[in-house]
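# Analysis of the macromolecular model
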Amino acid sequence: MSHMLILAAEKENPLIPPIPELVIGLLAFVIVFGFLAWKLLPNINTVLEQRREAIEGGIEKAEAAQTEAQSVLEQYKAQLAEARHEAARLRQDAQEQGATLIAEMRAEGQRQRDEIVAAGHTQIEADRKAAAQSLRQDVGTLATDLAGKLVGESLEDHARQSRVIDRFLSELEEKAEAAR
């Protein structure tokens with residue numbers, strides 16, 4: 001009996017199902033697979049196609065955006081270079097204007113200084129002449145008084161007084177020039 005059980009057990013292999021179950025299972029698999037292929041496969045293909053188009057469109061958009069960004073970058077670089085050039089030109093113009101302004105201010109200062117010096121020389125000459133005239137009168141009066149005391153007569157006559165003063169001052173000037 002144990003021998004028979006072993007033979008019966010060898011005939012029924014648990015890994016190999018009975019044929020009717022195998023046929024029913026295979027038929028059910030084909031029906032389910034056909035249904036899925038008929039209903040779901042077009043939807044899956046549509047979704048995959050949309051994803052592929054979205055990815056390709058995204059790549060194209062990214063490339064277009066990168067091209068546009070590169071173009072904008074080049075424009076900005078050109079504008080920046082132009083702005084730097086303009087700033088350098090403005091700086092050069094400002095330096096030139098500053099140098100011109102400094103030269104003009106120096107010339108104006110020199111002109112004003114020359115005017116002040118000329119006015120000072122004129123004033124000094126006028127003051128010197130006025131002082132000489134005043135001194136001449138004072139010296140003349142003193143000389144007349146002294147001469148009158150020395151001579152013993154009055155030199156109050158105006159014409160005589162003027163001649164005496166002029167003669168006295170001329171002699172003084174001649175002595176001063178001879179001393180030089």
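Each chain carries its own residue numbering, running from 1 in the written order of its sequence. Whole-chain, interface and lining totals are the exception, using all residues; otherwise, since this is a predicted model, local features are given only for residues with pLDDT of at least 70 and side-chain atom pairs are given and counted only at 80 or more. Here the side-chain values reflect all heavy atoms present in the structure, with hydrogen atoms and water set aside.

On to the overall build of the protein. Helix and strand counts for the protein stand at three helices and zero strands. Labels follow the DSSP assignment, with helices taken as runs of H or I lasting at least four residues and strands as runs of E lasting at least two, numbered in each case from the N terminus. The order of helices and strands in the protein, counted from the N terminus, is α-α-α. Buried, partly exposed and exposed residues are distinguished by accessible area as a fraction of the type maximum, computed with a 1.4 Å probe on protein chains only: under 20%, between the cut-offs, and over 50%, respectively. Out of the 180 residues in the protein, the part that is buried amounts to 6%. Reported accessibility uses the Shrake-Rupley method at a 1.4 Å probe radius. Residues are deemed covered only where the shown protein chains occlude them. By element, 63% of the accessible surface of the protein is carried by carbon and sulfur atoms, the whole surface being about 16,000 Å².

On to the packing of aromatic side chains. Between 30 and 60 degrees the pair is tilted, below 30 it is stacked and above 60 it is edge-to-face, where a pair is any two Phe, Tyr or Trp rings, Trp via its six-membered ring, whose centres lie within 6.5 Å. Scanning the entire structure with this criterion turns up two aromatic pairs. Taken together, a centroid distance of 6.1 Å and an interplanar angle of 20 degrees make the contact between Phe 29 and Phe 33 stacked. With Phe 29 and Phe 33 both in helix H2 (residues 19–151) and four residues apart, this pair spans about one turn of that helix. Note on accessibility: Phe 29 and Phe 33 belong to one class, exposed. Note on criteria: charge over ring means Lys NZ or Arg CZ within 6 Å of the ring centre, with the direction from the centre no more than 35 degrees off the ring normal. The ring of Trp 38 has Lys 39 lying over it, and the distance from NZ or CZ to the ring centre is 4.7 Å.

What follows concerns the confidence of the model for the protein. A low pLDDT score tells you not to read the predicted coordinates there in detail. A residue's pLDDT is simply how confident the predictor is in it, with values from 0 to 100. With 84% of its residues at a pLDDT of 70 or more, the protein has an overall mean of 83. The least confident element of the protein is helix H1 (residues 2–11), whose mean pLDDT is 52; the most confident is H2, at 88.

To continue, consider a nonpolar patch on the surface. Residues Val 32, Phe 35, Leu 36, Trp 38, Leu 40, Leu 41, Ile 44 and Leu 48 make up a contiguous nonpolar surface patch of roughly 790 Å² in combined accessible area. Relative to the assigned elements, Trp 38 resides in helix H2. A relative accessible area of 60% means that Trp 38 is categorised as exposed. Two joining distances apply to patches: 9 Å for like charges and 5 Å for nonpolar side chains (Val, Leu, Ile, Met, Phe, Trp, Tyr), and every residue must have over 30% relative accessible area and no salt bridge. Any Lys or Arg side-chain nitrogen located within 4 Å of an Asp or Glu carboxyl oxygen qualifies as a salt bridge.

A few words on the pattern of salt bridges. Enumeration according to the criterion identifies eight salt bridges in this entry. Two residues, Arg 52 and Glu 49, come together in a salt bridge whose shortest N-O distance is 2.0 Å. Of the two residues, Arg 52 and Glu 49 are both situated in helix H2; the distance of three residues between them amounts to about one turn of the helix. Arg 52 gets classed as partly exposed once you look at its relative accessible area, which sits at 38%.

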